[in-house]
Structure formats: C-alpha cells, structure tokens
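The residues making up each chain are set out below.
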Amino acid sequence: MENGSPVMPCITYVERNGTAHKVDVEIGLSVMRGAIDAGIEGIEAVCGGQCACATCHCLVDEAWISRLPLIDELEDEMLDEVTAGRTPMSRLGCQIEVTSDLDGLIVRIPNCQ
C-alpha cells in the first residue's frame, strides 16, 4: 500500500496488431472493464460485462491461465460461441476479476470478436 491506498495491479493488453499496453487496473474491476476504460482496441463488450455475448474474449498468457479462477458453466458455454475459435487460453474478460494476485497478467486480443 502506498499512501493508504492499494497499489493497482498492472495488466498488459496485447492488441491484434501486437501493440502492448500496460494498464493499471483497479482491484475489483474486471479485465474487460480495464480494457474498455483504457481504450484498448478489440474488446467490444457488447453486453457490458453480463457474460451474455462473448465479445470480450481474450487469450490469457499461458503462464497465467492456471492462476485464474476456474471457468464456471455459463462462461464455458459462452466460450463455445466465440468467433475467433476457442483455445485452451480462452477466457471472457468480463469474468476475470482483478485482484492483487493478477499484477503482471498478460492477455491478448484475438483476431476477431
């Protein structure tokens, strides 16, 4: 903690073109909200984070995938509908809550939503 407030975890978002953005994201927000608030290209979030559209599909860096909470049934169903095709690294950004443990997380935006 610095000056009585928690340090925000830094998440790296890698756009489709390879451009990487390091973004400090407030604890408690979703990875999707961090991307939207930072203006990251490629995260559409049509449903606003309700796990109803799969347009916040992201590919979690392999080193991080096992550190995330398990996929629940609804997210699992939605991932079967992603346009870019599901991979073992696929997650919905709206379903990943930012915690201090995610400092350094790397997510890539797939070629299409």
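This structure is a prediction, so every number in the text was calculated from the model and none was measured.

For the rest of this paragraph, the subject is the overall build of the chain. Assigned secondary structure in the chain consists of three helices and five strands. When the helices and strands of the chain are listed from N to C terminus, the series reads β-β-α-β-α-α-β-β. Expected size for 113 residues packed as a compact globule is a radius of gyration near 13 Å; at 13 Å, the chain falls within 12% of this value. Taken over 113 residues, the chain has a buried fraction of 39%. A total accessible area of about 6200 Å² is found for the chain, and carbon and sulfur atoms account for 47% of it. The average position of the 7 basic charges and that of the 19 acidic charges among the side chains of the chain differ by 5 Å.

Here the focus is the nonpolar core. Counting residues in each nonpolar core, the largest one holds 28 residues, and the members touching the most others are Ile-11, Tyr-13, Val-31, Leu-92, Leu-105 and Val-107. Listing elements by their share of this core, those giving two or more residues are strand S1 (10-14), helix H1 (31-38), strand S3 (57-60) and helix H3 (73-79). Ranked by residues supplied to this core, first place goes to H1 with three residues. Ignoring any residue separated from it by four or fewer positions in sequence, one finds Val-107 in contact with Ile-11, Thr-12, Tyr-13, Val-14, Val-31, Cys-58, Leu-59 and Val-60.

Let's shift gears to the packing of aromatic side chains. Across all of its chains, the model carries zero aromatic pairs by this definition. One residue, Arg-67, lies across the ring of Trp-64, its end atom 4.1 Å from the ring centre.

Taken together, the side chains of Asp-72, Glu-73, Glu-77 and Glu-81 define an acidic patch exposed on the protein surface. Judged by its relative accessible area of 61%, Glu-73 is exposed.

Conventions adopted
Residues numbered from 1 in each chain as written. Predicted model: local features only at pLDDT ≥ 70, side-chain atom pairs only at ≥ 80, totals over all residues. Heavy atoms only, no water. Helix = DSSP H or I, 4+ residues; strand = E, 2+ residues; numbered from the N terminus. Rg over C-alpha atoms; globule rule 2.2 N^0.38 Å. Buried < 20%, exposed > 50% of the residue type's maximum accessible area, 1.4 Å probe, protein only. Areas by Shrake-Rupley, 256 points an atom, 1.4 Å probe, with all protein chains shown as cover. Lys, Arg positive; Asp, Glu negative; His and termini not counted. Charge placed at Lys NZ, Arg CZ, Asp CG, Glu CD. Core = buried A, V, L, I, M, F, W, Y, C linked by side-chain atoms within 4.5 Å. Contact = heavy atoms within 4.5 Å. Phe/Tyr/Trp six-rings, centres within 6.5 Å; stacked < 30°, edge-to-face > 60°. Lys NZ or Arg CZ within 6 Å of the ring centre and 35° of its normal. Patch = residues over 30% accessible without salt bridge, like charges linked within 9 Å, V, L, I, M, F, W, Y side chains within 5 Å. Salt bridge = Lys/Arg side-chain N within 4 Å of Asp/Glu carboxyl O.

Just distances and angles here, no functional claims.
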